[in-house]
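Read off the chains here:
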Amino acid sequence: MGFIEAIILGLIQGLTEFLPISSSAHLRIAGEFLPSAQDPGATFTAITQLGTELAVLLYFRRDIVRIITRWFQQFGRQKGAHAEVIDRSHPDVRLGWLIIIGTIPIVLVGYFAQDYIRSVFRSLWLVAIVLIVFGIILGVVDLLARREKSILDLSYRDGVIIGVAQMLALIPGVSRSGATMTAGRALGYTRPAAARYGFLLAIPAVFGSGLYELVHSFGEPEGAYGYAETGVATVVAFVVGYAVIAFLMRYIEKRSFLPFVIYRILLGATLIVLLSLGILNPL
């Protein structure tokens, strides 16, 4: 039964990680309805996210290689009459710096708020409220925001603001992609630009968190799922996650986030009803 549950959770992780509906909230809720009826836990969530981030690496591999190459070229000396001069004003170099700088807020808060992340933040009451509130914020911002800036226009100020927004994703229900896309839209970026930067920005934070949890899980008592089950869930999340990225990037070219907003509100409201009736345990 453990492997079946792990496959289901991996499927959920892959389906929800990149949509602005919060994968961590869905894993937290789904755990209550599986036969084991338990929270998969922050460690399981962080490790399975490695699978979805591998999907990001594969899907955006050309962007990532170009950004890394340009970023390192700024430190080298150009040779030859036709050599291209690379400095910090180059969009790819700037994007590389922004991914580094924008990751700092979530790293600091994630490290110092571990106790809250593993306890208070996983309350289903909090998850329900956050789903609704941040869903409404996403809907309003997406409706009213300007749609003129591309990722090439990304400034250091805007990149840091979006990085701070990513920090909120430590609370299940906020959604990493939802938070970064909301901030990006509020700053006037197109949906594809906001999504692309948000996905790239998540890479160091998610890999760092996942690897940290993986290393610290060695020698500790196994949580809700063992290494084998967690590994299976991670592989499933990778495969499904890649398909979802491809779908979402095509979808937001011409469509709004409204369906996701409605879904968040309905899910949050349903969760409140179930908690109020005592059907679900908030902790």
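Provided above is the structure to which this section pertains.
K.L.:
What is the right way to look at empty space enclosed by the protein in this model?
P.N.:
Taking a probe equal in size to a water molecule and rolling it over the atoms shows the remaining empty space. By the definition in use, this model includes 2 cavities of 30 Å³ or more. Volume-wise, the largest cavity comes out at about 50 Å³. As for the largest cavity, its lining consists of Glu17, Phe18, Glu53, Arg176, Ser177, Thr180, Gly198, Phe199 and Ala202. If you list the elements that add at least two residues to the lining of the largest cavity, you get helix H9 (176–186) and helix H10 (191–217). When the residues that make up the lining of the largest cavity are grouped by side-chain class, the tally is 3 nonpolar, 3 polar and 3 charged. For the second largest cavity, the full set of lining residues is Pro20, Phe134, Leu138, Val174, Gly178, Ala179, Thr182 and Arg264.

K.L.:
Any chance you could explain the layout of surface pockets here in plain terms?
P.N.:
Size it by volume and the largest pocket reaches roughly 580 Å³. Ala46, Ile117, Leu170, Arg176 and Ser209 are, among the 28 residues lining the largest pocket, the residues nearest its centre. At the level of secondary structure, the elements contributing two or more residues to the lining of the largest pocket comprise helix H2 (23–33), helix H3 (42–59), helix H5 (91–112), helix H6 (114–118) and H10. Residue composition of the lining of the largest pocket, by class: 13 nonpolar, 11 polar and 4 charged.

K.L.:
I would appreciate a short explanation of the environment of phenylalanine 257 in the present structure.
P.N.:
You can see phenylalanine 257 is positioned in the loop between helix H11 (227–251) and helix H12 (258–276). Not counting residues within four places of it along the chain, the set of residues in contact with phenylalanine 257 comprises Pro20, Leu138, Asp142, Met181, Arg185, Arg191 and Ile252.

K.L.:
Before we go on, may I ask you to explain unusual backbone geometry in this structure?
P.N.:
Keep in mind that most residues, glycine aside, have a negative phi and that most peptide bonds are trans. Of note in this structure, serine 22 is not a glycine but carries a positive phi near 75°. Along the chain, serine 22 falls in the loop between helix H1 (2–16) and H2. On the accessibility criterion, serine 22 (2% relative accessible area) is buried. Positive phi outside glycine occurs at serine 175, with the angle close to 85°. Looking at the secondary structure, you find serine 175 in the loop between helix H8 (156–167) and H9.

K.L.:
Would you mind going over the pattern of salt bridges with me for this structure?
P.N.:
Between side chains of opposite charge, pairing is possible as soon as their charged atoms come close. According to the stated counting rule, one finds 10 salt bridges in the structure shown. Via salt bridges that share partners, Asp63, Arg66, Asp92 and Arg196 belong to a single interconnected network.

K.L.:
Explain the packing of aromatic side chains here, please?
P.N.:
Two measures describe an aromatic ring pair: the distance that separates the ring centres and the angle between the ring planes. Going through the model one piece at a time under the given rule, you end up with 12 aromatic pairs. Ring geometry for tyrosine 59 and tyrosine 242: centres 5.7 Å apart, planes at 65°, overall edge-to-face. Taken together, the residues span a long stretch of sequence, with tyrosine 59 in helix H3 and tyrosine 242 in helix H11 at a distance of 183 residues. Residue classification places tyrosine 59 among the partly exposed residues on the basis of a relative accessible area of 27%. Assessed through its relative accessible area of 29%, tyrosine 242 is described here as partly exposed. An angle of 35° between the planes, with centres 6.1 Å apart, marks the rings of tyrosine 116 and phenylalanine 121 as tilted. A relative accessible area of 18% places phenylalanine 121 in the buried class. Cluster of aromatic residues (ring-pair linked, three or more members): Phe18, Tyr59, Phe60, Phe199 and Tyr242. Residue placement shows arginine 191 over the ring face of phenylalanine 257; its charged tip is 5.9 Å from the ring centre.

K.L.:
Honestly, H3 in this entry has me stumped. Any pointers?
P.N.:
Given 3.6 residues to a turn, an α-helix orients residues that are three or four positions apart in the same direction. Given a rise of 1.5 Å per residue, 18 residues ought to cover 26 Å, and the 26 Å separating the end C-alpha atoms of H3 matches this to within 8%. Across the 18 residues of H3, 13 count as buried, placing the element largely inside the fold.

K.L.:
Sorry if this is basic, but what is going on with the side chain of serine 177 here?
P.N.:
With respect to the element layout, serine 177 can be found in helix H9. Of the residues examined, serine 177 reaches a relative accessible area of 4% and is grouped as buried. Residues within four places of serine 177 in sequence aside, it is in contact with Glu17, Phe18, Leu19, Pro20 and Phe199.

K.L.:
Mind showing me how you'd approach the packing of helix H7 (residues 124–144) against H12 here?
P.N.:
A packed helix pair is summarised by two numbers, namely the angle formed by the two axes and the spacing between the axes. Running from amino to carboxyl end, H7 crosses H12 at an angle of 155°, the nearest separation of the two axes being 8 Å. One way to sum up the angle between H7 and H12 is to call them roughly antiparallel. Seen from above, H7 lies across H12 with left-handed handedness. Facing H7, whose interface residues are Leu124, Trp125, Val127, Ala128, Val130, Leu131, Ile132, Phe134, Gly135, Ile136, Leu138 and Gly139, H12 presents Val261, Arg264, Ile265, Leu267, Gly268, Ala269, Leu271, Ile272, Leu275 and Ser276. Here the contact of H7 with H12 is built from residues that sort into 17 nonpolar, 4 polar and 1 charged.

Criteria and cut-off values
Residues numbered from 1 in each chain as written. Predicted model: local features only at pLDDT ≥ 70, side-chain atom pairs only at ≥ 80, totals over all residues. Heavy atoms only, no water. 1 Å grid on protein atoms, 1.4 Å probe; cavity = no way out; pocket = protein on both sides within 12 Å on 5 of 7 lines; lining within 4 Å. Points joined across faces, edges and corners; volume = space filled by probe spheres on them. Helix = DSSP H or I, 4+ residues; strand = E, 2+ residues; numbered from the N terminus. Nonpolar A, V, L, I, M, F, W, Y, C, P; charged D, E, K, R; others polar. Contact = heavy atoms within 4.5 Å. Buried < 20%, exposed > 50% of the residue type's maximum accessible area, 1.4 Å probe, protein only. Salt bridge = Lys/Arg side-chain N within 4 Å of Asp/Glu carboxyl O. Phe/Tyr/Trp six-rings, centres within 6.5 Å; stacked < 30°, edge-to-face > 60°. Lys NZ or Arg CZ within 6 Å of the ring centre and 35° of its normal. Expected span 1.5 Å × (residues − 1). Axes fitted to C-alpha atoms, helices over the stretch in contact; angles between N-to-C directions. Parallel < 35°, antiparallel > 145°, perpendicular 65-115°, else oblique. Left-handed = near helix turned anticlockwise from the far one by under 90°.

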